[in-house]
Amino acid sequence: MERLPTFSKGGVHPDDKKALSNNQAIQRLPVPSELVLPLSQHLGAPASPLKQKGDMVVAGEKIGKASSFISADVHCPVNGTITDLRKVVLANSVVTDAFVITPDASNPLGEWPEQPYDALSPEELLAIVKDMGVVGTGGATFPTHVKLSVPKGRTVDALVVNGVECEPYLTADHRLMLEETERVLRGIMIVAKITGPKRIIIGVENNKKDAIAMLRQEIARLGFPITVMALRVKYPQGDEKQLLKATIKREIPSGKLPLDVGAVVLNVGTSFAIYEAVAMRKPLIDRVVTISGEAMKEKKNLRVLLGSKVADLIAFAGGLDHEPDKFISGGPMMGFAFHDDQIPVIKGTSGILALDKEPSAKAPTTPCISCGRCVAACPMGLQPTKLYRLIEHRDYERAMAMNLMDCKECGCCSYSCPAHLPLVHGMKLGKRLGRK
Ligand code: SF4
Ligand code: SF4
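The structure displayed is predicted, hence computed values, not measured ones.

A. Quick peek at the sheet that holds strand 5 (residues 62–65). The antiparallel open sheet is built from 3 strands, whose spatial order is 3-5-6. Of all strands in the sheet, those with a lone pairing partner are strand 3 (48–49) and strand 6 (74–75), marking the two edges. Of the pairings in the sheet, the one linking strand 5 to strand 6 comprises 2 bridges and is antiparallel in character. Note on strand 6: the bridge partner recorded for Lys-62 is His-75.

B. Fine view of the site of ligand 2. The local shell around ligand 2 consists of Cys-368, Ile-369, Ser-370, Cys-371, Gly-372, Cys-374, Thr-385, Cys-417, Pro-418, Ala-419, Leu-421 and Leu-423. In terms of residue class, the shell around ligand 2 is built from 9 nonpolar, 3 polar and no charged.

C. A look at the site of ligand 1. Around ligand 1, the neighbouring residues are Cys-378, Pro-379, Met-380, Pro-384, Cys-407, Lys-408, Glu-409, Cys-410, Gly-411, Cys-412, Cys-413 and Val-424. Residue composition of the shell around ligand 1, by class: 9 nonpolar, 1 polar and 2 charged.

D. Region of the structure containing helix 10 (residues 384–392). Looking at helix 10, one finds that the buried residues are Pro-384, Thr-385, Leu-387, Tyr-388, Leu-390 and Ile-391. Where helix 10 ends, the next residue or the one after it, Arg-394, has phi of about 55 degrees, a positive value.

E. Main features of the environment of Arg-435. Within the secondary structure, Arg-435 sits in helix 13 (residues 423–435). A relative accessible area of 57% means that Arg-435 is categorised as exposed. In this structure, the C-alpha to C-alpha distance between Arg-435 and Met-400, residues 35 residues apart in sequence, is 8.7 Å. For Arg-435, the residues in contact, after removing those within four places along its chain, are Met-400, Met-405 and Gly-430.

F. Representation of the sheet that holds strand 12 (residues 263–267) within the structure. In spatial order, the strands read 11-10-9-12; together these 4 strands make up an open sheet with parallel pairing. Edge strands, defined here as strands with exactly one partner in the open sheet, are strand 11 (226–231) and strand 12. Looking at each pair of strands side by side, their axes are set apart by 25 degrees on average, direction ignored. Alignment of strand 9 (residues 158–162) against strand 12, held across 5 bridges, turns out to be parallel. Bridge assignment links Asn-162 to a residue of strand 12, and that residue is Asn-267. Where helix 6 (residues 240–248) meets the sheet, its contacts fall on strand 9, strand 10 (199–205), strand 11 and strand 12, and the angle it forms with strand 9 comes to roughly 120 degrees.

Calculation notes
All residue numbers refer to positions counted from 1 along the written sequence of the respective chain. Both sets of labels track the order of writing: A upward for chains, 1 upward for ligands. Confidence filtering applies because this is a predicted model: local features only for residues at pLDDT of at least 70, side-chain atom pairs given and counted only at 80 or more, and all residues used for totals across whole chains, interfaces and linings. Note that water and hydrogens are dropped before the side-chain values are worked out from all heavy atoms of the structure. When DSSP locates at least two bridges between a pair of strands, those strands are taken to pair. Secondary structure follows DSSP: runs of H or I at least 4 residues long count as helices, runs of E at least 2 residues long count as strands, and numbering of each begins at the N terminus. Note on definitions. A residue lies near a molecule or strand when any single heavy atom of the residue is within 4 Å of it. Residues are grouped as follows: nonpolar covers Ala, Val, Leu, Ile, Met, Phe, Trp, Tyr, Cys and Pro; charged covers Asp, Glu, Lys and Arg; every other residue, Gly included, is treated as polar. Residue exposure (1.4 Å probe, protein chains only): buried if accessible area is under 20% of the type maximum, exposed if over 50%, otherwise partly exposed. In what follows, residue pairs with any heavy atoms lying within 4.5 Å of each other are defined as contacts. Comment: axis = line fitted to C-alpha atoms, over the contacting stretch for helices; angle = value between 0 and 180 degrees taken between N-to-C directions.

Right under this line is the structure:
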């Protein structure tokens with residue numbers, strides 16, 4: 001049997017739980033009665049508000065302006081009225097200002113007819129991506145126009161598109177690849193025109209065979225120079241570093257970026273957003289979110305207006321089947337636990353999960369038995385057991401010297417630890433305190 005490529009160092013194989021929702025076609029969440037739209041939905045500085053309480057707004061209107069180089073514009077998802085500008089706490093604990101918007105009940109949505117874009121130059125395309133507020137939708141939310149701005153003198157060897165979706169439960173990208181194949185591919189070709197790569201590869205894990213077949217079929221029909229690479233299933237292959245290792249066998253050195261090894265990496269959801277931005281002049285005002293987890297009555301993939309509250313999504317999925325152990329925004333490995341169902345969906349919200357307690361989570365924490373499993377599982381080649389000990393003793397200096405900042409917070413170490421030590425929490429804490 002053919003041995004599929006993957007990254008070499010570390011990684012784990014959690015139960016992917018994709019079958020709970022991967023056959024659920026994308027549905028649209030009806031327009032909620034109120035949206036809460038944060039000005040910080042991206043990595044970098046929050047956008048500055050361009051509107052105030054009482055202002056009328058229209059769908060697609062820019063209501064938050066990027067405030068620095070690493071920042072992104074924010075656009076209004078609906079026609080309506082701004083009823084407040086107040087502080088909110090997001091799932092990732094970020095505190096930010098947010099517009100509260102009441103949609104116009106009789107005519108809430110905008111229209112986005114397709115328009116020609118073939119004649120646009122790479123610079124014009126990049127300007128549209130920036131103007132439409134596109135950021136990475138895979139969770140990292142890095143402003144896309146910054147990522148696609150290739151400095152003069154640099155060349156791009158490979159554009160690598162991330163169709164891996166390696167986090168358990170999440171199936172939003174899977175459904176996009178199946179249901180919006182042509183638009184995802186056209187979005188990739190727009191990025192290719194902007195960045196000029198020599199080759200284009202989409203990496204997809206082999207637990208999405210139907211998406212791989214659909215992408216290949218549409219690529220052949222459209223005649224695009226894109227290769228689809230089926231990858232062995234292994235977490236965290238969706239990370240840029242692991243994805244580049246798996247697809248083009250390049251290693252990003254510590255502290256460097258994909259461009260430093262001649263690559264641009266972007267997610268399939270972001271490619272779709274780029275298509276809508278360029279071909280429809282539609283800002284990033286909605287996204288696909290997976291609703292899943294054992295405690296969720298119905299599992300779904302929903303196209304959701306940004307600013308919709310989690311409670312609206314759960315209600316549309318029939319509510320809860322039973323009380324979950326925890327709610328997670330994103331995937332269970334790298335997502336954020338939250339308690340307040342009034343938090344809004346933002347540009348990086350890939351999933352809302354209501355999870356039962358894992359059998360292993362019931363086991364008590366015991367002392368380290370020096371088994372080395374965390375070291376073997378770490379895809380960054382770190383020594384989680386030693387780092388954890390140093391962080392426990394507040395010796396951040398030595399932890400930093402042992403490359404703590406290279407930690408991706410992927411959770412492979414915690415997942416592998418038979419002593420149930422909260423290793424990844426230790427890494428997060430150490431990174432935060434060590435940086436000061
Ligand atoms: S969380 Fe950090 S230390 Fe743990 S396995 Fe991932 S990269 Fe390694
Ligand atoms: S996996 Fe857990 S028990 Fe084993 S060495 Fe690492 S910290 Fe210790």
